[in-house]
Amino acid sequence: MDEDQKSILRRASSRFPIPPGAKFSYGTAGFRADALVLESTVYRAGILAALRSLKTRSVTGLMITASHNKISDNGVKIADPSGGMLTQAWEPFADALANAADSDSLLQLIIEFAKKESIVIDGNCRAEVLLGRDTRPSGESLLEAAKQGINSIVGSAAVDMGILTTPQLHWMVRARNKGVKASERDYFEQLSSSFRCLMTLVPGECKVKGTDNKLVVDGANGVGGGKLECLMNMLDGLVIEVRNDGKGGGILNEGVGADYVQKEKVVPQEFGSNDVGMRCASLDGDADRLVYFIVPSASSDNIVLVDGDKILSLFALFIKEQLGILYKGVHENNAYQARLGVVQTAYANGASTDYLKGLGLEVVLTPTGVKFLHEKAAEYDIGIYFEANGHGTILFSDSFLCWLEKRHNELPEGSEQQKAAVRLLAVSKLVNQAVGDAFSGLLLVEAILQNLNWSINHWSELYRDLPSRQLKVKVMDRTAVVTANAETVAVKPPGIQEAINAETVKYPRGRSFIRPSGTEDVIRVYAEASSQEGADTLAQSVAKLVEQFLG
Ligand SMILES: CC(=O)N[C@H]1[C@@H](OP(=O)(O)O)O[C@H](CO)[C@@H](O)[C@@H]1O
Ligand SMILES: [Mg+2]
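Please read these numbers as outputs of a predicted model, since none were measured by experiment.

**Some details on the pairing of strand β13 (residues 382-386)**
Thinking step 1. Burial of β13 is extensive: five of the five residues sit out of reach of the surface.
Thinking step 2. Of the two faces of β13, both are covered, the one formed by Ile382, Ile384 and Phe386 as well as the one formed by Gly383 and Tyr385.
Thinking step 3. Here five bridges tie β13 to strand β14 (residues 392-396), and the two strands are oriented antiparallel to one another. Within β14, the residue paired with Ile384 across the bridge is Ile394.

Written as structure tokens, this is what we have:
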């Protein structure tokens, strides 16, 4: 690194001092904190994104958002060249950068890391970082800090893509590196045209009448609502009414949004008795999560939740059915044996796992956090992953898609088999291959319901959720809990798992586990049982055990 570069870094970084006493960690979903303390972190994340771009000789991304967290918070995460999350191998460096005490130690860290990773910072090799932010008021100044971080690495270009959903930014990074068109318009085009393709294949007897094609969407007063309004103008066969689009004075994520709806299981603001029986959906603050719900009666605030597990089940069922049609009559030796896999976490409702296994599907669990689910799903030809909270997607392997294209061209025009191939190809284009995307998920749900001629009630009754309860326990040191087997077993502190087991066996269909949160300073407790009362008491008993063991 030459002296000019060093002095640029020293000068720029001294304008973004780290707040006294602050400690940042690149957690389950990047850095998150009160927006007021984040400038130095975002500046440094800009440096990180530029270095990652130099290292990979590809475009990377930087997104400023705190998703479902409150409006005064913000956050920053890096998109790798694949469009996925930053490689886990760089997370320790991200932590070290964010916590470097001053300009000199920051510079030292960068020099050492660049040496270790053989990154040449000489201005000859160009880095490019796409920037996006959600609608939070703090986003504008934080974006400026990110730009300065990127510009502190000589030869780097920061490209401001404007206000975006998180999945849009990830999609753009992936598209840029694949050398295909990558604007917001291209994103909307790809989603709407693949949706249209799926809708043209809806069997004649399933074509919807009247208002059955209407969906009401809660936009969480975030970026998703307005973007969905742009997208819906490009769709046929589906009428979307967006509420909580952020233009009506409501506050981001307050009493609205996918996280609120999934955790509290009550109607979001602006929804009520007029919506009884309607198909409703909620996005989260940056539109990478999606849940559906029904308002069952005018007299209560309760909802029937159709969560990420049910979205996953609908997708798995549809894809399995299409594969069945595609392979009909084909001798096993002549067909590409597509490996279909389903990935969940321990938070998946036990009834969903039973249902999926009952369909004959391979189901695996990973630890919480989409980076783990995504990685596992990528091992399959078709890997479907979802967290119960509504974040997930479907990944297709290149080799399977290549075979599918070829097979599609060989099949008789207009045959059922060819239609199945067209549907699967359309799904692979509709569904965001970079990260979970509420818009992809929503359009795929809608297309599948219409293809199967199912109401939301029918879908919701695929299986009955086991009653469950989640609690949070504040402890002195949450790192004292260490888990194994995809977080289903606590191996530390010693004896706690045996005590949890002794409680759990008291309840029919009882299941419970604990884990330290990766985004909050708490231990999370999950319990399910055959009755709500059972799930509640089990969760409370386990929470007490956590207090006893960890105080
Ligand atoms: C139980 C739960 O919903 N956990 C969430 C939450 O992680 P925690 O590590 O549990 O705080 O935030 C993550 C990031 O959004 C999300 O991936 C995850 O599913
Ligand atoms: Mg989100």
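**A closer look at the pairing of strand β9 (residues 290-294)**
Side-chain positions along a regular strand alternate between the two faces of the sheet.
Thinking step 1. Among the five residues of β9, five are classified as buried, and the element is accordingly described as predominantly covered.
Thinking step 2. Burial along β9 is two-sided: Leu290, Tyr292 and Ile294 facing one way and Val291 and Phe293 facing the other are all buried.
Thinking step 3. Here strand β8 (residues 279-283) runs beside β9; their pairing, made up of four bridges, is antiparallel. Residue pairing for β9: Ala281 is matched across the bridge by Tyr292.
Thinking step 4. The turn joining β8 and β9, which pair antiparallel and follow one another in sequence, is formed by six residues; a positive phi near 60° is taken by Ala287.
Thinking step 5. Inspection of the sheet shows β9 paired to strand β10 (residues 304-306) by three bridges, in the antiparallel sense. Paired with Phe293 across the strands is Leu305, a residue of β10.

**So, the packing of helix α8 (residues 223-232) against helix α15 (residues 438-452)**
Thinking step 1. With their axes 11 Å apart at the nearest point, α8 and α15 run at an angle of 50° to one another. Regarding the angle of α8 to α15, the classification is oblique. Classified by chirality, the crossing of α15 by α8 is right-handed. Facing Gly224, Lys227, Leu228 and Leu231 of α8, the residues of α15 in contact are Phe439, Leu442 and Leu443.
Thinking step 2. Residue composition of the contact of α8 with α15, grouped by class: five nonpolar, one polar and one charged.

**Description of the site of ligand 1**
Thinking step 1. In the vicinity of ligand 1, 16 residues are found, and the nearest of them are Arg515, Ser517, Gly518, Thr519 and Arg524.
Thinking step 2. One of the side-chain N or O atoms of Asn389 is found 2.8 Å from an oxygen atom in ligand 1.
Thinking step 3. Ser517 places a polar side-chain atom, nitrogen or oxygen, 2.6 Å from an oxygen atom of ligand 1.
Thinking step 4. Taken by itself ligand 1 offers 440 Å² of open surface, and the protein chains cover 93% of this.
Thinking step 5. Residue composition of the shell around ligand 1, grouped by class: two nonpolar, nine polar and five charged.

**A look at the UniProt feature "domain: Alpha-D-phosphohexomutase C-terminal" (unreviewed entry) in the protein chain**
Thinking step 1. Taking the UniProt record as the reference, the feature "domain: Alpha-D-phosphohexomutase C-terminal" (unreviewed entry) is found at residues 472-544.
Thinking step 2. Along residues 472-544 one finds 30% helix and 29% strand; the C-alpha atoms at either end are 11 Å apart.

**Examining the UniProt feature "binding site: substrate" (unreviewed entry) in the protein chain**
Thinking step 1. Look at the UniProt record and you will see "binding site: substrate" (unreviewed entry) annotated at Glu387, Ala388, Asn389, Arg515, Pro516, Ser517, Gly518, Thr519 and Arg524.
Thinking step 2. With respect to the element layout, Ala388 can be found in the loop between β13 and β14.
Thinking step 3. A relative accessible area of 7% places Ala388 in the buried class.
Thinking step 4. Setting aside residues up to four positions removed in sequence, Ala388 forms contacts with Gln262, Asp307, Gly308, Asp309 and Tyr347.
Thinking step 5. Here Thr519 lies in the loop between β18 (511-516) and β19 (523-528).
Thinking step 6. Contact partners of Thr519, with chain neighbours within four places excluded, come to Thr28 and Arg524.

Rules behind the numbers
- Note on numbering: residues in each chain are counted from 1, in written sequence order.
- Whichever chain is written first is A, and whichever ligand is written first is 1; the rest continue in order.
- Only residues with pLDDT of 70 or above have their local features reported here, since the model is predicted, and side-chain atom pairs are shown and tallied only from 80 upward, although totals for entire chains, interfaces and linings are computed over all residues.
- Here the side-chain values reflect all heavy atoms present in the structure, with hydrogen atoms and water set aside.
- Relative accessibility under 20% of the residue-type maximum defines a buried residue, over 50% an exposed one, and the middle range a partly exposed one, all with a 1.4 Å probe and only protein chains included.
- Secondary structure elements are taken from DSSP: a helix is a run of H or I of four residues or more, a strand is a run of E of two residues or more, and numbering for both begins at the N terminus.
- In short, DSSP must find at least two bridges between two strands for them to pair.
- Between N-to-C directions, angles cover 0 to 180 degrees, with each direction set by a line fitted to C-alpha atoms, over the stretch in contact for helices.
- Just so you know how the angles are binned, under 35 degrees is roughly parallel, over 145 roughly antiparallel, 65 to 115 roughly perpendicular, and the rest oblique.
- Here is the rule for handedness: rotate from the far helix to the near one, and if that takes an anticlockwise turn smaller than a right angle the crossing is left-handed, while a clockwise turn gives right-handed.
- Residues are treated as being in contact if the distance between any of their heavy atoms lies within 4.5 Å.
- Basically, the charged four are Asp, Glu, Lys and Arg, the nonpolar ten are Ala, Val, Leu, Ile, Met, Phe, Trp, Tyr, Cys and Pro, and anything else, Gly included, counts as polar.
- We call a residue near a given molecule or strand whenever any one of its heavy atoms falls within 4 Å of it.
- A 3.5 Å cut-off defines polar contacts: any pair of N or O atoms within that distance qualifies, except that in protein one atom must be a possible hydrogen donor and the other a possible acceptor, and neighbouring residues in sequence count only when both atoms are side-chain atoms.
- Only the protein chains shown count as cover for residues, and the accessible areas themselves come from Shrake-Rupley with a 1.4 Å probe.
- UniProt positions are given in the numbering used here, feature names are shortened, and annotations may be inferred rather than shown by experiment.

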